[in-house]
Amino acid sequence: MNQKQPRIAWITDTTCNVGAEFVEKYRLNIIPLQVVIDGQSYKETIDITDKQFYERMASESATFQSSQPSIGEFIELYEKLKEEYDCGIAFHCSSKLSGTFSASVMAAEQVGFKLYAIDSRTGSYPLTYLLNKGIELFNQGFGPEDIYNKIEEIKTNTRLFLIPANLNQLHKSGRVSGSQRLMANLFNIKPILSIEFEGAKIRDKVRTEKRAINYMLDLLREDLKTSTISQLMVIHADDEENARKLENYINSQEEFSSIPTDRMMLVPVAGVHTGVGTIGISWVCE
């Protein structure tokens, strides 16, 4: 650990769920990704809220897409930060799902800003966890290089599983075929999406949402055999009622009752592909 801490700027993007108080406390710099609705771009959290996005997705027959930040946005930010900070630590969504990480790295190189850029290979709650862990390590006296190395190790232990309400959005985004969508809707087949190092993958397909939920909980049970899990996060795409039911279902099982739970809205740039009503569970093995 370093005796004298450098001035570190904390950077992330809008796939990381953090509150206003947290942003202010740590002077967090957040670059927004964009959702595109019928060709019109909206910056997440700035031009459109998560709730507004999902309400439009539920009520409009529009085309919904996502878009990464421009390299110019990062250049503008890093030009400013290099005047005040010795370096930055950036926590970004998976490079397998977005070009955000690459744009951030390229911008820092062009500006000459020392940046420790972390490709989280995930998003949503796990990305928030990694950011919190990085700040925690800093407060313990670790320097930027040590923080970077430790986060690179921790990120391999993140878990994020999602159950789309249907395959309509995955079909529109080209991730499943029309016949796969038809069969899934006809027979109530639920895919379990896993956000892994290689990107988003369909881990398995089962009949009914209940079976899909129990499939995810079986994966949780396996991790609990070898790891400590300090929190379970229920992820949902504007379906608070179903998320609360899932949280209660988890809490009702004795084997999980000692693990704190909470709920978090799925970021719109992910919801673009999975649709309104998506639900899932996320945790980090410690």
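Okay, so let's go over this structure. Because the structure is a prediction, the values reported are computed rather than measured.

**What about the overall build of the protein chain?**
And step 1. On a plain count of helices and strands, the protein chain comes out with 11 helices and 13 strands.
And step 2. Expressed as a percentage of the 286 residues in the protein chain, the buried residues total 51%.
And step 3. Counting contacts in the protein chain only where the partners sit at least 6 residues apart, residues at least 24 apart contribute 74% of the total.
And step 4. In the structure as shown, the protein chain presents an accessible area of about 13,400 Å², 46% of it carried by carbon and sulfur atoms.
And step 5. Each charge class in the protein chain can be summarised by its mean position, and for the 31 positive and 38 negative side chains these summaries are 4 Å apart.

**Section: the state of the cysteines**
Cysteine pairs can be linked by a disulfide, which is a covalent bond between their two sulfur atoms.
And step 1. Within the structure shown, the criterion is met by 0 disulfides.
And step 2. The thiol sulfur of Cys93 is not disulfide-bonded, and the nearest other cysteine sulfur, from Cys16, lies at 10 Å.
And step 3. In this structure Cys285 is a free cysteine whose sulfur lies 19 Å from that of Cys16, the closest cysteine sulfur available.
And step 4. Given the relative accessible area of 5%, Cys285 is considered buried.

**Thoughts on unusual backbone geometry**
And step 1. Although it is not a glycine, Asp38 sits at a positive phi angle of roughly 50 degrees.
And step 2. Looking at where Asp38 falls in the secondary structure, it is placed in the loop between β3 (34-37) and β4 (40-43).
And step 3. Given the relative accessible area of 55%, Asp38 is considered exposed.
And step 4. Phi angles above zero are rare outside glycine, and Thr45 is one such case at about 70 degrees.
And step 5. Overall, the relative accessible area of 56% leaves Thr45 in the exposed class.

**Notes on the pattern of salt bridges**
And step 1. On inspection of all chains with the given rule, the structure shows 17 salt bridges.
And step 2. A salt bridge links Arg263 to Glu240, with the shortest nitrogen-to-oxygen separation between them at 2.4 Å. A residue pair is termed long-range when its members are at least 10 positions apart, and Arg263 in strand β12 (residues 261-265) and Glu240 in helix α10 (residues 240-251) qualify at 23 residues.
And step 3. For Glu240, a relative accessible area of 33% puts it in the partly exposed group.
And step 4. Connected through shared salt-bridge partners, Glu240, Arg244, Glu247 and Arg263 make up one network.

**As for the packing of helix α9 (residues 209-224) against α10**
And step 1. Direction vectors running N to C along α9 and α10 enclose 50 degrees, while the axes themselves pass 12 Å from each other. Classified by the angle between their axes, α9 and α10 sit oblique to one another. Crossing of α9 over α10 shows right-handed handedness. Across the interface between the two elements, Glu209, Ile213, Asn214 and Leu217 of α9 pack against Asn242, Leu246, Tyr249 and Ile250 of α10.

**Notes on the environment of Gln34**
And step 1. Within the secondary structure, Gln34 sits in strand β3.
And step 2. In contact with Gln34, not counting residues within four places along its chain, are Ser41, Tyr42, Lys43, Gln65, Ser66, Ser67, Gln68, Glu73 and Val269.

**Looking at the packing of aromatic side chains**
And step 1. Tallied over the full model, the rule gives 10 aromatic pairs.
And step 2. Judged by centre distance (4.9 Å) and plane angle (55 degrees), the ring pair of Phe22 and Tyr26 falls under tilted.
And step 3. Residue Phe22 is classed as buried on the basis of its relative accessible area, which comes to 18%.

Rules and cut-offs
Residues numbered from 1 in each chain as written. Predicted model: local features only at pLDDT ≥ 70, side-chain atom pairs only at ≥ 80, totals over all residues. Heavy atoms only, no water. Helix = DSSP H or I, 4+ residues; strand = E, 2+ residues; numbered from the N terminus. Buried < 20%, exposed > 50% of the residue type's maximum accessible area, 1.4 Å probe, protein only. Contact = heavy atoms within 4.5 Å. Areas by Shrake-Rupley, 256 points an atom, 1.4 Å probe, with all protein chains shown as cover. Lys, Arg positive; Asp, Glu negative; His and termini not counted. Charge placed at Lys NZ, Arg CZ, Asp CG, Glu CD. Disulfide = S-S within 2.5 Å. Salt bridge = Lys/Arg side-chain N within 4 Å of Asp/Glu carboxyl O. Axes fitted to C-alpha atoms, helices over the stretch in contact; angles between N-to-C directions. Parallel < 35°, antiparallel > 145°, perpendicular 65-115°, else oblique. Left-handed = near helix turned anticlockwise from the far one by under 90°. Phe/Tyr/Trp six-rings, centres within 6.5 Å; stacked < 30°, edge-to-face > 60°.

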